[in-house]
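# Fold and geometry: a report
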Amino acid sequence: MAKPDNWRFSPDAYNFVTSIDTRFQDIDTMGHINNVAISGIFETARIRFHHHLGRHPQEQGVRWLVAAVSLNFIEEAHFPYPFEVHCAIGHIGRTSWTISSAGFQKGVCVATCDTTVVTHGPEGRRVIDGTLREAMERNFLHRPE
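So, a few notes on the structure that sits alongside this text.

Parameters at a glance
- Residues numbered from 1 in each chain as written.
- Predicted model: local features only at pLDDT ≥ 70, side-chain atom pairs only at ≥ 80, totals over all residues.
- Heavy atoms only, no water.
- Salt bridge = Lys/Arg side-chain N within 4 Å of Asp/Glu carboxyl O.
- Helix = DSSP H or I, 4+ residues; strand = E, 2+ residues; numbered from the N terminus.
- 1 Å grid on protein atoms, 1.4 Å probe; cavity = no way out; pocket = protein on both sides within 12 Å on 5 of 7 lines; lining within 4 Å.
- Points joined across faces, edges and corners; volume = space filled by probe spheres on them.
- Nonpolar A, V, L, I, M, F, W, Y, C, P; charged D, E, K, R; others polar.
- Core = buried A, V, L, I, M, F, W, Y, C linked by side-chain atoms within 4.5 Å.
- Buried < 20%, exposed > 50% of the residue type's maximum accessible area, 1.4 Å probe, protein only.
- Contact = heavy atoms within 4.5 Å.

## Concerning the pattern of salt bridges
All chains considered together, the criterion is met by 3 salt bridges. Between Asp-114 and Arg-8 there is a salt bridge, with the nearest N and O atoms lying 3.2 Å from each other. Taken together, the residues Asp-114 in strand β5 (residues 108–121) and Arg-8 in the segment before β1 (16–20) connect sequence positions 106 residues apart. In this structure, Asp-26 engages Arg-23 in a salt bridge whose closest nitrogen and oxygen atoms are separated by 2.8 Å.

## A look at empty space enclosed by the protein
One simple way to see leftover space: roll a probe sized like a water molecule over the atoms. Under the criterion given, the structure shown has 1 cavity of 30 Å³ or more. Approximately 30 Å³ is the volume found for the largest cavity. What lines the largest cavity is Phe-42, Arg-46, Ile-99, Ser-101, Cys-113 and Thr-115. Counting only elements with at least two residues in the lining of the largest cavity, the list comes to α1 (35–52), β4 (96–105) and β5. Classifying every residue of the lining of the largest cavity gives 3 nonpolar, 2 polar and 1 charged.

## Details of the nonpolar core
The biggest cluster of nonpolar side chains holds 28 residues, and the ones touching the most others in it are Val-85, Trp-97 and Met-136. Only β1, α1, β3 (83–92), β4, β5 and α2 (130–137) provide two or more residues apiece to this core. When residues of this core are assigned to their parent elements, the largest contribution, 6 residues, is made by α1. The residues contacting Trp-97, other than those within four sequence positions of it, are His-50, Trp-64, Ile-89, His-91, Ile-92, Thr-115, Thr-116, Val-117, Thr-119, Ile-128, Leu-132 and Met-136. Core analysis: the second largest hydrophobic core is formed by 8 residues, Phe-9, Ala-13, Ala-102 and Cys-109 among them.

Have a look at this one:
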């Protein structure tokens with residue numbers, strides 16, 4: 001897997017930021033934050049980002065399902081330093097979107113995460129409604145020119 005482009009390691013590329021505390025139990029035998037714990041940190045940030053968008057899937061009678069997750073571990077992460085997770089929308093399709101995130105400790109990007117989410121209702125996939133699409137567009141990833 002190729003390393004993400006360097007611009008992904010800049011907090012300025014993302015509109016939303018949340019801080020998540022690391023826990024002693026997140027440490028593995030190598031003395032750094034375990035990769036599975038980092039996955040959970042990104043999951044918590046994703047939920048907070050969705051709330052930031054101002055829409056909840058139950059309001060629409062749909063479910064939002066994770067279709068794919070791609071994690072890149074850039075540097076070791078350590079306890080007790082908090083994770084600052086920066087999130088933005090990387091892509092919007094007809095029924096799915098990608099949340100692009102980067103996790104920072106002490107100002108250094110330690111990991112990136114891209115999560116593809118799909119909308120699903122009683123009859124299968126659902127088209128992203130206009131209100132949610134507008135909220136997503138306001139939170140697009142800032143790619144360099």
